[in-house]
There are 2 protein chains.
Amino acid sequence: MTLTNRRAEPPPEGGQTDASDRSETGEALVVFTPSGRRGRFPRGSTVLEAARSLGVDIDSVCGGRSICGRCQVEIGEGRFAKHGIDSRAFHVTEATPGEARYADKRGLAAGRRLSCQSRIQGDLVIDVPPESQVHKQVIRKRAEVRAIEVDPEVKLHYVEVAEPDLHDPSGDLRRLEDALRQQWEIGDLSCDLRVLQTVQKALRDGDWKVTVAVREGERLLTVWPGFHDRIYGIAFDIGSTTIAAHLCDLETGEVLAAGGRMNPQIRFGEDLMSRVSYIMMNPGGEAALTAAVREALNALAGEVAAEAGIDLNNILEVTIVGNPIMHHLVLGIDPTELGGAPFALATDQALNIWASEIDLRINPDGRAYVLPCIAGHVGADTAAVILSETPYLSDELRLVVDVGTNAEIVLGNRQRLLACSSPTGPAFEGAQISCGQRAAPGAIERVRIDPETLEPRFRIIGGDLWSDEPGFYDMAVRTGVTGICGSGIIEVLAEMYLAGILTADGVIDGSLAARSPRIVPDGRTFSYVLQYADGLSTEKRITQTDVRAVQLAKAALYAGIRLLMDRMGVESVDRITLAGAFGSHIDVKYAMVLGLIPDCDLAKVGSAGNAAGTGARIALVNRSSRAEIERVVRQVEKVETAVEPKFQDHFVRAMAIPHKSDPFPNLRAAVTLPEPREAAGPEEGRRRRRRG
Amino acid sequence: MTLTNRRAEPPPEGGQTDASDRSETGEALVVFTPSGRRGRFPRGSTVLEAARSLGVDIDSVCGGRSICGRCQVEIGEGRFAKHGIDSRAFHVTEATPGEARYADKRGLAAGRRLSCQSRIQGDLVIDVPPESQVHKQVIRKRAEVRAIEVDPEVKLHYVEVAEPDLHDPSGDLRRLEDALRQQWEIGDLSCDLRVLQTVQKALRDGDWKVTVAVREGERLLTVWPGFHDRIYGIAFDIGSTTIAAHLCDLETGEVLAAGGRMNPQIRFGEDLMSRVSYIMMNPGGEAALTAAVREALNALAGEVAAEAGIDLNNILEVTIVGNPIMHHLVLGIDPTELGGAPFALATDQALNIWASEIDLRINPDGRAYVLPCIAGHVGADTAAVILSETPYLSDELRLVVDVGTNAEIVLGNRQRLLACSSPTGPAFEGAQISCGQRAAPGAIERVRIDPETLEPRFRIIGGDLWSDEPGFYDMAVRTGVTGICGSGIIEVLAEMYLAGILTADGVIDGSLAARSPRIVPDGRTFSYVLQYADGLSTEKRITQTDVRAVQLAKAALYAGIRLLMDRMGVESVDRITLAGAFGSHIDVKYAMVLGLIPDCDLAKVGSAGNAAGTGARIALVNRSSRAEIERVVRQVEKVETAVEPKFQDHFVRAMAIPHKSDPFPNLRAAVTLPEPREAAGPEEGRRRRRRG
C-alpha cells in the first residue's frame, strides 16, 4: 500500500542542534502536525503520551486502552502492514493485539494508528486529523460567523474501578471517584441520588469497568457498564408557531437529525397575547399550555432520535431558547406578568435544571440549559441570535433583526449592544392579508411586475418556473396557486411601488385603471389583481387594506430599528442580518425598497437562517458559550419601545415607502425608485373634490 | 414598675479616658452584656446598629423593621412606660409606632425593647437575653457532652424588593437577589425551578415584601409573601425495628414534638438479613421496602407536625440516620451488596438531596441531609452516635456502644477513632429468649435474687413496685406480667450468676435443685423459674437455651470491643457510654457483671439514650456539625469483625461470665463475684460419668 506522502522531508530541526546526540541516547524527535509542536522522547513512549506532554490536542475517552479509537493519528512515510494496520518501519512499534482487536471490531482506515498503542522507535512526524482533536470545531458556512469549538458540558470517561476490599471498606461511589481522579484528574464530583441508585449494578455489570458522563467537570450524570461510545443532545427553539429541534452528537458537534412541528399551544390562541389572555381568563390554564409545549418537545425528541437511530437514554443534555412567554410556559411559570406593563420576567438569568423538571423524557439524569432572557419582550431566542451572530465581537456596527409576530432587533458592536422588540403583528407571516398564507407549496413567493404593461409574473413555493414560462401550468396544477406568503407580499408590494402602481404613501393609484385591467375599484379604494381565477386558483388580489397591514408592520419594525439607532447616536449601520424563517426567504433588496430595514450597502445585507436555533446548538455543544452569552446579555441595553415617545414619530414617518425622511442613498444607487407623486382613486378623488 | 437592677453601677470606663469629651460631642458609651463589648456611638444610632458594629450577637429576621421581634434587649435602670413599653429616661428613645404595633400584636415582655427601634440617647448598659442571640445554644443535660449552637442550614430573611421598572427591565428573581445582597449581604444564590415558579406571585401577594428561606447561604429554598416567622425540621432515626422522629424549631433548636413507630419493613423480615434475603428472593422487591419505610417517615412527619400544630409546608429540612441497610433502602438503593462480603456500600458519603427525591411530603423545596455511613456494617446511625458523643474531642479513651440486633462499637479519643459492628443477634432485644419480649408495659425489667433463698423479686415496666411489695398484684393486674425484656434478661442472668445459680461457664447448676424448687430439670438441662403461673402470668422460666443465647450475644459484643482495644493497643478504657434503647435501660453494673462490656470505673459507665437520634438532631440544627462528622468519619479506622482471625478467640473466651481471662478489677472492687466452680446437672452429670 502506498500513501500520498505530504511530509516526505525530514522534520525541521529548528533550534535543536543536539538531535543526533540525543538520538544516540535513545531519545527520538517527534513532530506533530498541524500544531507543529515537537519534542524528544524516550523510545518506547506512546505517541499519545508524547502528544500529551507537548500539549498536543488528541482525544481519548478510554484513557489509552485501545477501546474508543478516538486517538487515531497518521504516521509518516515508509510503512509496512501488519494485522492490516500500517506502522512506519522501525520508527514506531507494530500494532498491539488491542489495536488489532479494535481494527477488527470497528475498522481502522488505511494509514491510521491508535496513538495510545503506538510506541515511538525513532524520529517521527505525526499528523493529528481533525476528528481526533479534543477541540474539534463545527465549521459554519457564512464568512462573518466564527467556527464553534466542540466542548460540551457533558463528557464521557472510561474508567477501571478498584473492587471493594473487606479490609479497607469504602463505598463503591468513592472508589469510582478515586478512579476518575487518578485516571482522569477529575475530582470533587457531586452526584444525583438517581446515579447512586444505579452505580453498584453498573460497576458489577461492567466488571468494574464503566463509562461515566461527567457534567461541568463536577457532576456525575450517568454510569454505563463497560465502554459507552456516544452521547447526544438536542437544541430546542420554541417559537410561538413552530418548534424546531436539532439532535447533535456531543462528541463531534454534528447535527444528526432535525425536526420541527407546530406549537400545539396554537389551540389556545394564534399569537402570544391571545395565549396570555387565555390564561388570564382561565386561572390555572397555564398548566395546560405548559403540558402542551412539553409534550411537543417530547414528541420532537422522539422523532429526531428515531431518525438518527439512537436511544433517548443517550440524550444527556438539551438547550432551550424561546421568546419570554414561551420560555416561561415551558418552565411552568405563569406568563401573566408578561402580558402587561411593566412586563416583568420571573427571571432574566440562564437556568440549569434537570430535564425531568420540565418532564422531558430523555436520560433521567439529563440536564436542560435554558438561555437567559433579556427583557420582558426580548427573550432567550434573541440571546441565542446574539450568540449565533456575535455582534458583540464585531468592529462593524451590526443590525440583527429576527422577524416574526414580534421583531427582535439587536444593534451594536464590540463596544455597545442595544436590543428591543417591536410589535410588527402577523402581516409578514401572511396573516391579515386577504390572500395571505403561511409559506407552503403553492404559495406565491416571488413576484415581478412589468413597469410598462403592469402585468405580473410570479413563482410559487415548490416550483422553479415563472408563471409566464412554458410548463408553469402543468407544474403548478399539482399544488394550485393557493395564496401569497410573507416573502411574496414583500415582493409584490415592492414591485407595485417600483412599477408606479403604489405611491410612496402606500396608495394603489386608481388612475392606472386606464392603463391596466388589473387595477380595479374595490369599494372606495382600488386593488391590484395579481392572478385571475383560473384552473389553478381563485382570484388573488392585493387590496388597499393589505397594503396598509404591511405598512403598519414595516413601520413598526423600522421604528424599532430607528429607536436603537437614535440611542446609539448613528444614522446608518455597517451590516444587516435578517434572522428567522421570514428573514431567510425575503429578497433583501425588496425589504429595503419597502423600507423594512434602513439603508445599507446591499452586499452587506444577508440572512442568517434560524439564528435562534443555531444559538441553541452552539450553547449545546460549547460550554464556554454559555458563560459568554450570560455575560453579554447582562451588558445589553434594553429599550422598551412601548414607552419611548419617539417610537410613535418614527412609526408615522416610516409608513411611507421606503421612508418619509430617510434618504436611502445605497438603495437609490442600486435601484431606480419612482418619483414621489399623489395617487388618484375613488376615495382620494372624492376627498380632493371636497377640499376644492 | 421596678426591675431588679443587676447593673446599677455605672459601666466601667476601662481604658477609655476621653469618655466625657466624646460624650460632649454627642457620642454615648454603650456596654452590652453578657459579652461585655462596649463602644461609643452617635446619639440617634439604634441599639441594633451599635450591637452589629461591635460584633455583638443580636438576631434579626426582618432586618430592623420591628416585625420579627427577634432583636429584643433589656435596657438598664430608671425606665418609664409609654405604650406599655419601658424606655430608660433620656438615654434611649421612646417606643416607635412600629414597636408599639409589635407589642400590641405579639406582646413584649416588661423590660424588653426592640433593639432595632431603640435609639441611643445617652450612656447605656444593654443586656442581650439568650433567645435574642444569633448563636443560641441547645443545652444538653449530660456533663460529658457539649451544648449545641443553633445554626441551621436554612435561615429566614425578610426583604423588601424593588418593583419592576419598565425603563430598566430585570427579572423579579434578580431584584429579589439584589435585595438580599443589599439588605442581608447574601450573594450568588442558586434557586430551584420550583421556587422560580412561585416567586412572582409571592412578591405581588406580599406587596414586594417577602420572607425567603436560604439554605447554606446560597440556595433560595422558598419565598413566602410578607413576614414568615418559623421554620422547622425533623430528625429521623431509622432503626430496623423502630423509627423515631424529632420535630425541631430551626430557629431555637427546641424539640417541639417527638414520635416513633414500628418500621413497617418488619413484614418483609424481622431482622436486617431476612429483609435482604427477601430482596434476593424477590428481584425488585427493594422497591416495596423502600416505599414502606418512606411511607412510615411521612406518617411520622404528619404525626409530629400535628402534635406541634404546624403545617408540613413549614418543614424545610430533615436529617436521616440509620444502619447501612436502612440507609440504602430509604434512599432507594438496592442493599443486596450489603448482604454478603465484601459488604460494599453504594456510598460512604453524606448526601444532600431534595426531600421529594425520597418522596417526603414536607415543603416541596425542602431538603434532606443523610449522614455518612462508615462501612458496610457501620452506618449513618453510628456516625450520628459519634457526633452526639464526640469521642473525637475527648482526652479520655472512650468506648461507645450502641446495642441493637447488631452492636456498633466505637473506641477512641482525639488522637484516634476505631469502629466496628458485631453481630449480637436479637437476644438483647428479648427475641430468641423463651419468655422474652420487647420492652412494653408488663415486661419484667428489673430482677433481684436472694442469694440465700434463691427467691426472686422483680419490677415490670409501667409499675414502680417490686413483686414482693404489698399492692404489686393490684398494680400489675392491669397489664399482667407478660414476659421479660432486654434489660430484665441481663439482670436475671447477672443475679443468677451472683446468687450462684449460674456458673461462670453459663450453666444453670442443677445441684441447687435441692436448695430451691425454682431450679427445675428441663430435658437434659435445668431451668430457673422466675415466676410461677398465677393470675398475673403464665410461668416464666429462664432456660439453659436462654442463657446460651445471651452468652452468644454478649460474647459477640465483648469480642468486638476487645478487637478494637487490641487494635488500639490498650487493656482498659477510661469511659463507657451505652447508647440505644437497650443501652439506656440496662443497669450498667449488671452489664459489666455479665461481661457485656469490659472492666471500667462504674462511675464512668453511663447511658446516652438514643444517641443516634440526638446526632440526627444535632446535624439538623447545626450546619457545621455536618462538615465535622463528615470529616471525622473519614478518619475512623474501620475494623471488619468477620475477617479478623482474633475475633473468634475473643468470642470463645468471652462466653464465660464475666470473661475467661480478663480480670475485671473495678468490677471486683464494687461487686463480690462468686468463685469459679463447676455445675452439676443431668447432662453435665452424665458426661462426667462417661469420662469417669
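Because the structure is a prediction, the values reported are computed rather than measured. (Residues numbered from 1 in each chain as written. Chains lettered and ligands numbered in written order. Predicted model: local features only at pLDDT ≥ 70, side-chain atom pairs only at ≥ 80, totals over all residues. Heavy atoms only, no water.)

(A) The overall build of chain A, seen in detail. For chain A, the count of helices and strands is 19 helices and 31 strands. The principal-axis extents of the C-alpha atoms in chain A amount to approximately 105 × 60 × 55 Å. Looking at chain A as a whole, 59% of its 692 residues qualify as buried. Partitioning the contacts of chain A with sequence separation of at least 6, the portion at a separation of at least 24 is 65%. (Helix = DSSP H or I, 4+ residues; strand = E, 2+ residues; numbered from the N terminus. Buried < 20%, exposed > 50% of the residue type's maximum accessible area, 1.4 Å probe, protein only. Contact = heavy atoms within 4.5 Å.)

(B) Representation of the pairing of strand β17 (residues 315-322) of chain B. Residue and element names in this part refer to chain B. Summarising burial for β17: eight of the eight residues are buried, a large majority. Of the strand pairs in this sheet, strand β14 (residues 232-238) and β17 are connected by seven bridges, and their pairing is parallel. Note on β17: the bridge partner recorded for Ile238 is Gly322. Bridge analysis of β17 against strand β19 (residues 367-370) gives four bridges, and the strand direction is parallel. Looking at the pairing, Glu317 lines up with Arg367 of β19. (Pairing = 2+ DSSP bridges.)

(C) Main features of the sheet that holds strand β24 (residues 456-460) of chain B. Residues and elements named next belong to chain B. Ordered in space as β24-β23-β25, the three strands form an open sheet in which the pairing is mixed. Pairing within the sheet leaves two strands with one partner each, and these edge strands are β24 and β25 (483-484). Sheet strands in contact with helix α11 (residues 486-498) are β23 (443-449) and β25, and its direction is about 15° off that of β23. (Axes fitted to C-alpha atoms, helices over the stretch in contact; angles between N-to-C directions.)

(D) Representation of the packing of helix α4 (residues 172-184) of chain B against helix α5 (residues 193-205) of chain B within the structure. Residues and elements named next belong to chain B. Relative to each other, α4 and α5 sit at 70°, their axes nearing to 9 Å. Viewed along their axes, α4 and α5 adopt a mutual orientation that is roughly perpendicular. Note on element contacts: α5 touches α4 through Leu196, Val199, Gln200, Leu203 and Arg204, opposite Asp172, Leu173 and Leu176. In terms of residue class, the contact of α4 with α5 is built from five nonpolar, one polar and two charged. (Parallel < 35°, antiparallel > 145°, perpendicular 65-115°, else oblique. Nonpolar A, V, L, I, M, F, W, Y, C, P; charged D, E, K, R; others polar.)

(E) Up close: the relation of the copies chain A and chain B. Under the fitted operation, chain A is carried onto chain B by 0.0 Å of movement along the axis and a turn of 180°, and the coordinates agree to an RMSD of 0.2 Å. The relationship between the two copies is best expressed as a two-fold rotation axis. Proximity to the rotation axis, assessed at the C-alpha, singles out A:Glu357 in chain A; its C-alpha lies 5.9 Å from the axis. Counting the interface residues of chain A, we find that 100% of their copies in chain B are interface residues as well, pointing to one common contact surface. (Least-squares fit on C-alpha atoms with pLDDT ≥ 70 in both.)

(F) Inspection of the packing of aromatic side chains at higher detail. Residues and elements named next belong to chain B. Scanning the model with the defined rule gives 13 aromatic pairs over all chains in all. Measuring from centroid to centroid gives 5.9 Å for Tyr158 and Phe227, while their planes differ by 70°, and the two rings are edge-to-face. Taken together, the residues Tyr158 in strand β10 (residues 154-160) and Phe227 in the loop between β13 (219-225) and β14 connect sequence positions 69 residues apart. Judged by its relative accessible area of 4%, Tyr158 falls in the buried class. (Phe/Tyr/Trp six-rings, centres within 6.5 Å; stacked < 30°, edge-to-face > 60°.)

(G) The packing of helix α9 (residues 380-389) of chain B against helix α15 (residues 611-621) of chain B, seen in detail. Residues and elements named next belong to chain B. Interhelical geometry of α9 versus α15 gives an angle of 75° and a closest axis separation of 7 Å. In terms of orientation, α9 and α15 fall into the roughly perpendicular class. Residues Asp381, Ala384, Val385, Leu387, Ser388 and Glu389 of α9 pack against Ala611, Ala612, Thr614, Gly615, Ala616, Ile618 and Ala619 of α15. By residue class, the composition of the contact of α9 with α15 is eight nonpolar, three polar and two charged.

(H) Focus on α5(B). For α5(B), with 13 residues, the first-to-last C-alpha span of 19 Å sits near the 18 Å given by 1.5 Å per residue. A bend of about 40° at B:Val199 is the largest found in α5(B). Tucked inside the fold, the buried residues of α5(B) contact α8 (324-330) and β18 (351-354) of chain A together with α4, β11 (190-191), β12 (209-215) and β13 of chain B. (Expected span 1.5 Å × (residues − 1). Bend = angle between axes of the 7 residues up to and from the residue.)

(I) Spotlight on the interface of chain A and chain B. Counting from both sides, the interface comprises 43 residues of chain A and, opposite them, 43 residues of chain B. In this assembly, chain A packs against chain B so that about 3700 Å² is buried in total across both faces, 59% of it on carbon and sulfur atoms. Among the residues of chain A in contact with chain B, A:Leu166, A:Arg174 and A:Leu193 are the three that bury the most area, contributing 19% of the side total. At the boundary of chain A and chain B, one finds four salt bridges. A salt bridge links B:Arg174 to A:Asp348; the nearest nitrogen and oxygen atoms lie 2.8 Å apart. Here chain A and chain B share 20 residue pairs in polar contact (both at pLDDT 80 or more) between them. (Buried area = accessible area lost by both parts, 1.4 Å probe. Salt bridge = Lys/Arg side-chain N within 4 Å of Asp/Glu carboxyl O. Polar contact = N/O pair within 3.5 Å; in protein donor to acceptor, adjacent residues only side chain to side chain.)

(J) How the structure looks around the pattern of salt bridges. Residues and elements named next belong to chain A. Overall, the coordinates contain 91 salt bridges over all chains when judged by the stated rule. Note that Arg626 and Glu317 form a salt bridge whose closest N and O atoms lie 2.8 Å from each other. With Arg626 in helix α16 (residues 624-635) and Glu317 in strand β17 (residues 315-322), this pair connects stretches of sequence that are 309 residues apart. A single burial state applies to Arg626 and to Glu317, both of which are buried. The shortest N-O distance in the salt bridge between Arg567 and Glu644 comes to 2.8 Å. With Arg567 in helix α12 (residues 544-568) and Glu644 in the loop between β31 (637-638) and α17 (645-653), this residue pair connects regions lying 77 residues apart in the sequence.

(K) Representation of the side chain of B:Ser45. Residues and elements named next belong to chain B. Along the chain, the position of Ser45 falls in the loop between β2 (38-42) and α2 (47-54). Exposure remark for Ser45: the relative accessible area of 11% places this residue in the buried category. In this structure the side chain of Ser45 is engaged in a polar contact, spanning 2.7 Å, whose partner is the backbone oxygen of Pro42. Apart from the residues lying within four places of it in its own chain, the contact partners of Ser45 are Ser118, Arg119 and Ile120.

(L) A look at the sheet that holds strand β20 (residues 398-403) of chain A. Residues and elements named next belong to chain A. The strand order across the open sheet built from six strands is β30-β29-β20-β21-β22-β31, with neighbouring strands paired in mixed fashion. The open sheet terminates on both sides in strands that have one partner only, identified here as β30 (605-609) and β31. By the bridge criterion, five bridges tie β20 to strand β29 (residues 575-579) in an arrangement that is parallel. Across the sheet, the residue bridging to Val400 is Thr577, located in β29. Along the sheet, α12 contacts β20, β21 (407-412) and β22 (417-422); its crossing angle with β21, the most-contacted strand, is approximately 25°.

(M) Structural view of the side chain of A:Arg113. Looking at the secondary structure, you find A:Arg113 in strand β6 (residues 112-114). A polar side-chain atom of A:Arg113 sits 3.0 Å from the main-chain carbonyl oxygen of A:Thr93.

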